[in-house]
Amino acid sequence: MGDSSSASYIHMVHHLIEECIIFNMSREECMEALSKHANIKPIITSTVWKELEKENKEFFEAYTNSREGARESKTEMKQRIQKMLSGHLSQTDADSSTSTESDD
């Protein structure tokens, strides 16, 4: 690869990483996606991502914090749904055992 083709390849990887960020992907998810769908070696994606992090520290700190907050929110939501469902199932079981007893 000549200098200009290397530069355009890196620019393409940079653009694809930006697309991954739009989809709220982690570096690891982005490396996997670009490897699978664009045939880009994970080491290339990782290297370009790390350079972007160096150039845009504040952005990536905020991005990482935002992703962690979203992950915590999803976990909390799943826990609330599970509690709600288990409470609903317990109530349904109690209702069915009450109606069975009254049928006797």
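About the criteria used
Residues numbered from 1 in each chain as written. Predicted model: local features only at pLDDT ≥ 70, side-chain atom pairs only at ≥ 80, totals over all residues. Heavy atoms only, no water. Helix = DSSP H or I, 4+ residues; strand = E, 2+ residues; numbered from the N terminus. Expected span 1.5 Å × (residues − 1). Buried < 20%, exposed > 50% of the residue type's maximum accessible area, 1.4 Å probe, protein only. Arc of directions from axis to C-beta. Phe/Tyr/Trp six-rings, centres within 6.5 Å; stacked < 30°, edge-to-face > 60°.

(A) Looking closely at helix 1 (residues 3-22). With 20 residues, helix 1 ought to run about 28 Å at 1.5 Å a step, and its terminal C-alpha atoms sit 29 Å apart, in line with that. Among all positions in helix 1, only V13, I17, C20 and I21 are buried. The buried residues of helix 1 occupy one face: seen down the axis, they fall within an arc of 95°. Opposite the packed face of helix 1, turned more than 90 degrees from it, sit the exposed residues S4, H11 and I22. Taken from the residues just after helix 1, N24 is the one with a positive phi, measuring 60°.

(B) Quick look at the packing of aromatic side chains. This structure, assessed with the given rule, holds four aromatic pairs. Between F60 and Y63, the ring centres sit 6.5 Å apart and the planes meet at 80°, which makes this aromatic pair edge-to-face. Within this pair, F60 and its partner Y63 are both found in helix 4 (residues 57-103), separated by three residues, close to a single helical turn. Take F60 and Y63: they sit in the same class, and that class is buried. Grouped by ring-pair contacts, the aromatic residues W49, F59, F60 and Y63 constitute a single cluster.

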